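# Structure at a glance
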Amino acid sequence: MDPKKVIVCRCEDVTLEDIYKAIEEGYTDLESLKRYLRIGMGPCQGAHCIPIVARILASKTGKKFDEIYIPGNRPPLNPIPLKYFLKKQQG
Amino acid sequence: MVGKADIVIIGAGIIGVSTAYNLVEKGIRNIVIIEKNYPGSGGSFRCATGIRASFTSEEHVLLMKESVKLWKELSEKHGFFYLRGGYVWLLSTEEQLELFKKFVEFHNSLGVPTRIISVEEIEKLVPTINTSGLVGGVYDPLAGKADCFKSLLLLLKYVRDKGVQVYTGTLARKIVVENSRVQGVETDKGFIEAKKIVVAAGYGSRDLLKTAGVDAPLNNLPKHALVTEKFNERFKPLLVDWSSTSYMVQTSSGTFLIGAEIEEEYNVKPVNRIEFLYKAAQVWVKYFPWLAEINVLRYWTGYYVMTPDHHPILGPIDDIDGLYVATGFSGHGFMMAPIVGKLMAEWIIEEKPSIPIAENLKLKRFREGKMIKEIAVFG
Ligand SMILES: Cc1cc2nc3c(=O)[nH]c(=O)nc-3n(C[C@H](O)[C@H](O)[C@H](O)COP(=O)(O)OP(=O)(O)OC[C@H]3O[C@@H](n4cnc5c(N)ncnc54)[C@H](O)[C@@H]3O)c2cc1C
């Protein structure tokens, strides 16, 4: 399939071609690649795309998947509207 | 790993990277950057990306005026987002207004074009804001914001392409000094001999400097921030609510980033605290009722690396030949990076900064009792 047409990160609209290009430019660690393309920074928090990106990176760099993939998410794990923090003021 | 370099920079935050960049631009190539985690992993990728010259000491203003110019040049040359969208301080009492009149006068006297603005002007600059409770504001049109990811990553790529070696996942353990002269850096992957060493290690700087026998008054203060999902541009300026010392900015990617002060202690590990979310929501939903329905995507913590006078420690350490430091930005290191990188390169190569007042920021000011004075303490 045409890498231009394969969307890997749906929240931030990043295609397979974008990822190949960035890897070629030297963004060969997941943390830099993620920030360079904003992969995983949308509402899904990378739940869908980051493992896929890690796999692409592994195959392109010859590294092992486990060396590349570092799970870890910032809270809240699911998007939550600010109004839920309005109810009461603590402290 | 190479065993030798002319210059070793410890820390691949925006300060270490900008220092490398300026050295490269002066033709120096034999540079190694050591980063214990990944580039940007310290404060640099956690910041609110705000950039302004409207400070209340001459040192800060003169350096930041130059930095604001450099941000424009760098962003155009390397193609990353930078926007002079301004800062607006939201003021809710007459006392605050009086205080800010003094600041504005000071800024103007140094050529920074801040001005007091009316509530109506706030509404024009910040569409959809609910201004009830406000008496006025201050606008800094020269201030702005930049993409903290792309700016660091593109400058880092540039220096790498010019031959700078970057070792990530490599911890600097000890700065080796003999006869008051640096010898090199001991890392967890081996020793690197170096003629000059730059400590740009953010929150790790105090401990590293200690290994060289240098005691720097640096304290790491936990800070909290969140971002929401992204939207088309609603307003350009970074907003500061003066009463709660809290800020909100729509970042280059369209997310709203909110920081709010909650009580914290120095040098403790930052942890997520629900009070932060309560405070952020309480302050900003009042201004923007629509924000109540918007999703928070991420909440993170980071450190401000503080000094006693809230100004950075820059330049050579006078008693140790070849040792340089750039840290202690007290919450303003992102915006200062372009000028600090330039000044550091000048100190290293020409032994003199092009902005003479930068000399006031050397570490020895604390020993000599020459702390930086501000006209009043200011966020
Ligand atoms: C929530 C928040 C909001 C902020 N908002 C703004 C803002 O709007 N505008 C602004 O100008 N500033 C802001 N700041 C401050 C800004 O982020 C910092 O001042 C700036 O990033 C400092 O850059 P640095 O390169 O000195 O440090 P860092 O980015 O922390 O880089 C230091 C690097 O050194 C590495 N390191 C540490 N110890 C060692 C060691 N022993 N060996 C090897 N590597 C080591 C770290 O891993 C790190 O990557 C904010 C900070 C926070 C936390």
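Right above here is the structure, for reference.
So, here's what we can say about the structure. Keep in mind it's a predicted model, so treat the numbers as computed, not measured.

## Digging into helix α1 (residues 16-25) of chain A
Residues and elements named next belong to chain A. Within the span of α1, buried status applies to Leu16, Ile19, Ala22 and Ile23. Considered in projection along α1, the buried side chains sweep an arc of 125 degrees and stay on one side of the axis. Its buried side turned inward, α1 meets β1 (7-9), β2 (14-15), α2 (30-37) and α3 (49-61).

## Let's talk about the packing of helix α1 (residues 14-25) of chain B against helix α8 (residues 333-350) of chain B
Residue and element names in this part refer to chain B. Running from N to C, α1 and α8 cross one another at 45 degrees; their axes reach a closest spacing of 7 Å. By the criterion of interaxial angle, the relationship of α1 to α8 is oblique. As α1 packs across α8, the resulting crossing turns out to be right-handed. Judged by residue contacts, Ile14, Ile15, Ser18, Thr19, Asn22 and Leu23 of α1 engage Gly333, Phe334, Ala337, Pro338, Val340, Gly341, Lys342, Met344, Ala345, Ile348 and Ile349 from α8.

## Some thoughts on the sheet that holds strand β8 (residues 144-146) of chain B
All names here are of chain B. The strand order across the open sheet built from three strands is β3-β8-β4, with neighbouring strands paired in antiparallel fashion. At either end of the open sheet lies a strand with only one pairing partner, and these are β3 (50-51) and β4 (82-83). Where β4 and β8 come together, two bridges link them in antiparallel fashion. Within the sheet, the bridge partner assigned to Leu83 lies in β8 and is Lys145.

## Some details on the site of the ligand
All names here are of chain B. Near the ligand lie 37 residues; those nearest to it are Glu35, Gly43, Ser44, Gly333 and Met335. Take Ile14: an N or O atom from its main chain is 3.3 Å from an oxygen atom of the ligand. In the environment of the ligand, a nitrogen atom lies 3.0 Å from a nitrogen or oxygen atom belonging to the backbone of Ala48. Considering the ligand on its own, with 1,000 Å² of exposed area, one finds that the protein chains cover 96% of that surface.

## Considering the sheet that holds strand β16 (residues 255-259) of chain B
One open sheet accounts for nine strands, arranged β3(A)-β17(B)-β13(B)-β16(B)-β15(B)-β14(B)-β5(B)-β7(B)-β6(B); its pairing is mixed. One side of each edge strand has no neighbouring strand; the edge strands of this open sheet are β3 (80-81) of chain A together with β6 (115-117) of chain B. Pairing of strand β5 (residues 87-91) of chain B with strand β14 (residues 238-241) of chain B involves four bridges; the strand directions are parallel. Bridge assignment links Leu90 of chain B to a residue of β14 of chain B, and that residue is Asp241 of chain B.

## Here's the deal with the interface of chain B and chain A
By convention, interface size is frequently given as the accessible area that disappears when the constituent parts associate. Contact residues are listed per partner, giving 32 residues for chain B and 28 residues for chain A. For the pair chain B and chain A, the two sides together bury roughly 3,000 Å², of which 61% comes from carbon and sulfur. The largest contributions to the chain B side of the interface with chain A come from Tyr278, Leu297 and Arg298 of chain B, which together make up 22% of the buried area. Viewed at the interface, chain A and chain B are joined by 13 residue pairs in polar contact (both at pLDDT 80 or more). Elements represented by at least two residues in the side of chain B that touches chain A include exactly α5 (148-161), β13 (219-230), β16, α7 (274-287) and β17 (295-306) of chain B. Per-element tally for the side of chain B that touches chain A: the top contributor is α7 of chain B, with seven residues. Its residues assigned to classes, the side of chain B that touches chain A comprises 20 nonpolar, five polar and seven charged. Pairing of β3 of chain A with β17 of chain B, which is carried by two bridges, proceeds in the antiparallel orientation. Its bridge partner lying in β17 of chain B, Ile80 of chain A is registered against Val296 of chain B.

## As for the pattern of salt bridges
Residue and element names in this part refer to chain B. Under the counting rule described, the total for this entry stands at 25 salt bridges over all chains. Close ionic contact of Glu66 with Lys69 constitutes a salt bridge, the shortest N to O distance being 3.4 Å. Placement of the pair is Glu66 and Lys69 together in helix α2 (residues 58-78), with a separation of three residues, close to one helical turn. Since its relative accessible area comes to 24%, Glu66 is described here as partly exposed. Its salt-bridge partner being Asp215, residue Arg206 comes within 3.6 Å of it at the nearest N-O pair. Asp215 gets classed as exposed once you look at its relative accessible area, which sits at 56%. Taken together, the shared-partner salt bridges connect Asp318, Glu359, Lys362 and Lys364 into one network.

## Details of helix α3 (residues 94-109) of chain B
All names here are of chain B. Counted at 1.5 Å a residue, the expected span for α3 with its 16 residues is 22 Å, and the 23 Å between its end C-alpha atoms agrees. If you check which residues of α3 are buried, you get Gln96, Leu97, Phe100, Phe103, Val104, Phe106 and His107. As for α3, its buried residues are in contact with α2, β5, β6 and β7 (136-140). Gly111, located one to two residues past α3, shows a positive phi value of around 85 degrees.

Criteria and cut-off values
- Residues numbered from 1 in each chain as written.
- Chains lettered and ligands numbered in written order.
- Predicted model: local features only at pLDDT ≥ 70, side-chain atom pairs only at ≥ 80, totals over all residues.
- Heavy atoms only, no water.
- Buried < 20%, exposed > 50% of the residue type's maximum accessible area, 1.4 Å probe, protein only.
- Helix = DSSP H or I, 4+ residues; strand = E, 2+ residues; numbered from the N terminus.
- Arc of directions from axis to C-beta.
- Contact = heavy atoms within 4.5 Å.
- Axes fitted to C-alpha atoms, helices over the stretch in contact; angles between N-to-C directions.
- Parallel < 35°, antiparallel > 145°, perpendicular 65-115°, else oblique.
- Left-handed = near helix turned anticlockwise from the far one by under 90°.
- Pairing = 2+ DSSP bridges.
- Near = heavy atom within 4 Å.
- Polar contact = N/O pair within 3.5 Å; in protein donor to acceptor, adjacent residues only side chain to side chain.
- Areas by Shrake-Rupley, 256 points an atom, 1.4 Å probe, with all protein chains shown as cover.
- Buried area = accessible area lost by both parts, 1.4 Å probe.
- Nonpolar A, V, L, I, M, F, W, Y, C, P; charged D, E, K, R; others polar.
- Salt bridge = Lys/Arg side-chain N within 4 Å of Asp/Glu carboxyl O.
- Expected span 1.5 Å × (residues − 1).

From the geometry alone we can't say anything about function, so treat these as descriptive.
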